[in-house]
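Next come the chains, spelled out residue by residue.
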Amino acid sequence: AQERQRSSTQGRQGQESTPPMPKRPPAATPGAPGAAKVPRWSSASVASAIALAYAAGLGSRVLLPAGGDPPPSTADAFSHTTHPDMATDGFNWTQLSMSRANNFPSGTIKYLDAATIKERGAMHAWHTTFARSIPALVSGLGDDVAASFSGWRREDYRRHWGEKDVVVAFSPDEMFQRGVLRSGLRRLQAPHRQRMRFDAFLDAQAESERVIPPLEHVAVQQSPSRDLSDFGLPPPPPLAGECAAFPEPSRRFRIGLPPLPPFVEELVSPTLQARNLWVAAPPKTSVLHYDWQDSVLLQVSGTKRFTLIDPARLHTAYPAVMLMENLVRTGAGQFEPRLTSREVDNFPLANITHPDYDRHPLLRDAHVMTVEVPAGSALFLPAYWFHQVESFAAPGELNVAVNYWFQGHSLATRLYRTLRENVFVNCTLPAAPGQLHPCRNSVLPEDEG
């Protein structure tokens, strides 16, 4: 009882010493486009959003390891969840949130090159991209890898990769996912997937192309690999005077797909979750969706076009929760839909390439951008960025890419940016003539705009 009384007394003293909160200015009347706006979130909604941000690590670094027990007192708790350098070199929320130029640019991506990342280091790349939840096209990051496969035809892949097991997707057309209506309810239809040898994948692809239009579309889609070392060329033969068992260091390793993206290994490795192989003969489209992980995509052959929506304005894409429907392949070009109990929430309702503004008027306010990723380049894509992906390649060649999923803690930044975009009053915008400005307790004269 004495302890409770002492805690109560301390709490009252703390309240008495806290200065009163300033009064909130009166709300502005909704105005013309471009005028500063007052968010219409309830206090409970704001509190929930802030609590979610804190839960994601925005307001605290006290994160427990998977076992649930507190880390040793001498250990840095933050190192249990992400790259250890990020605890000291990464999350400086004071700097991120204050008015530093280009911290939160809307509707844009960054353009970097491999030489800059090699010179300044992986953590600099993290600071300027994932830490701010900004995607980046990095030219030259995979030039050596792309050069190894330059000019490869399908028979080259058959010769070197034919015996490797991959996960293959079969779709009735080039859209490998789609929304469908069943009894008035929307579902996400996913393609048939099965594991098979790479040469069997090439055979199925060739068979489907015997008729026009193709009977079905076939692609190696999100095929996980332990380290990608099986997908490449055999080591080069020894040079004159070189021992085959002990080649020169520069010639010791396989030429092929790297287990980690070049120059950013120390960023990706500590929290790496998956390595995925993607192979397709165009046309192929992965419809608009987001991933829960941060990603580095390395383009090996062909080109991918990414259409992105900045999730700071998440609502403009009409995010939705729906049940998944799997297609079951019963024969070449023949499929049966099977409803599952799995719910998916990362495929929105909006169609970004054929928008229907009557059904989805908020899509007009989305921050949409397009970026093409050629062979030898990479795309840094933070978590929760909506993206639609189209694959292209020269006739007779394949579109080949690998991506690496990891946790770079861009989610916390994303939550903060979402709050900043939708909750904070933007005092940098003018009020409409004759209306109350949300940041001033007065009516602006007509000539001030």
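The structure we're discussing is the one just above.
As a starting point, this report considers the structure included with it.

Conventions and cut-offs
Residues numbered from 1 in each chain as written. Predicted model: local features only at pLDDT ≥ 70, side-chain atom pairs only at ≥ 80, totals over all residues. Heavy atoms only, no water. Buried < 20%, exposed > 50% of the residue type's maximum accessible area, 1.4 Å probe, protein only. Helix = DSSP H or I, 4+ residues; strand = E, 2+ residues; numbered from the N terminus. Pairing = 2+ DSSP bridges. Phe/Tyr/Trp six-rings, centres within 6.5 Å; stacked < 30°, edge-to-face > 60°. Lys NZ or Arg CZ within 6 Å of the ring centre and 35° of its normal. Arc of directions from axis to C-beta. Core = buried A, V, L, I, M, F, W, Y, C linked by side-chain atoms within 4.5 Å. Contact = heavy atoms within 4.5 Å. Axes fitted to C-alpha atoms, helices over the stretch in contact; angles between N-to-C directions. Salt bridge = Lys/Arg side-chain N within 4 Å of Asp/Glu carboxyl O.

Some details on the pairing of strand β19 (residues 399–406)
Remark: a regular strand shows side chains that alternate across the two faces of the sheet. Along β19, eight of the eight residues are buried, which leaves the element largely enclosed by surrounding structure. What you see with β19 is no split at all: N399, A401, N403 and W405 on one side and V400, V402, Y404 and F406 on the other are buried throughout. Relative to β19, strand β10 (residues 272–280) is paired through eight bridges, and the arrangement is antiparallel. Directly across from R275, in β19, lies its bridge partner Y404. Pairing of strand β12 (residues 294–301) with β19, which is carried by seven bridges, proceeds in the antiparallel orientation. From the neighbouring strand, V296 faces β19, where its bridge partner is Y404.

A short note on the packing of aromatic side chains
Per the stated rule, a full pass over the model turns up 14 aromatic pairs. Look at Y290 and Y384: their rings are 5.0 Å apart centre to centre, the planes differ by 35°, and that puts the pair in the tilted class. Here Y290, found in the loop between β11 (284–289) and β12, pairs with Y384, found in the loop between β17 (378–381) and β18 (386–392); they are 94 residues apart in sequence, far enough to count as distant. Through pairs of rings, three or more aromatic residues link up here, namely F149, W152, Y157, W161, F198, F201 and F231. Its end group placed over the ring of F176, K284 keeps NZ or CZ at 4.8 Å from the ring centre. In this structure, R329 is placed above the aromatic ring of F170, and the distance from its NZ or CZ to the ring centre is 4.2 Å.

Describing the pairing of β12
Counting buried residues along β12, eight of its eight residues qualify, which places the element largely inside the surrounding structure. Looking at chain direction, β12 and β17 are connected through four bridges and run antiparallel. Bridge pairing links L298 to A378 in β17.

Some thoughts on unusual backbone geometry
Here the bond from I212 into P213 is cis, since omega is -5°, no more than 30 degrees from zero. For P213, the position within the fold is in the loop between α9 (198–208) and β7 (217–224). P282 connects to P283 through a cis peptide bond whose omega is 5°. Inspection of the secondary structure assignment puts P283 in the loop between β10 and β11.

Some remarks on helix α8 (residues 154–161)
Within α8, burial applies to D156, Y157 and W161. Projected onto a plane normal to the axis of α8, the buried residues spread over an arc of 100° and lie on a single side.

A look at the nonpolar core
The biggest cluster of nonpolar side chains holds 49 residues, and the ones touching the most others in it are W161, F198, L257, L277, V279 and F380. When sequence neighbours within four positions are dropped, the list of residues in contact with W161 reads F149, W152, F198, D230, F231, G232, L257, L277, V279 and V400. Counting 13 residues, the second-largest nonpolar core is a separate cluster that includes I109, L308, M369 and L379.

A word on the sheet that holds β11
Reading across the sheet, the four strands line up as β11-β18-β13-β16 and stay open at both edges, with antiparallel pairing between neighbours. Unpaired on one side and paired on the other, β11 and β16 (368–373) mark the two borders of the sheet. Put simply, the sheet's adjacent strands are angled 15° from each other on average, direction ignored. With seven bridges joining them, strand β13 (residues 303–309) and β18 adopt antiparallel strand pairing. Each bridged residue has a counterpart across the sheet, and for K304 the counterpart in β18 is S391.

Some details on the sheet that holds strand β14 (residues 322–331)
Taken in spatial order, the four strands of this open sheet run β4-β5-β14-β15, and their pairing is mixed. Single-partner strands in this sheet number two, and they are β4 (178–182) and β15 (334–344). Each strand of the sheet is rotated relative to its neighbour by a mean of 40°, with strand direction disregarded. Two strands pair when backbone bridges link them, and β4 and strand β5 (residues 185–190) are joined in this way by five bridges, in the antiparallel orientation. Following the sheet pairing, L181 is matched in β5 by R186.

Let's talk about the pattern of salt bridges
Side chains bearing opposite charge may pair, as long as their charged atoms lie close to each other. This model, assessed by the stated rule, comprises 14 salt bridges. For D156, the salt bridge identified is with R159, shortest N-O distance 2.6 Å. Of this pair, D156 and R159 both sit in helix α8, separated by three residues, roughly a single helical turn. Residue D156 is classed as buried on the basis of its relative accessible area of 17%. A single network of salt bridges, built from pairs that share partners, joins E155, R158 and D203.

So far we have only geometry, and geometry alone does not tell us how the molecule works.
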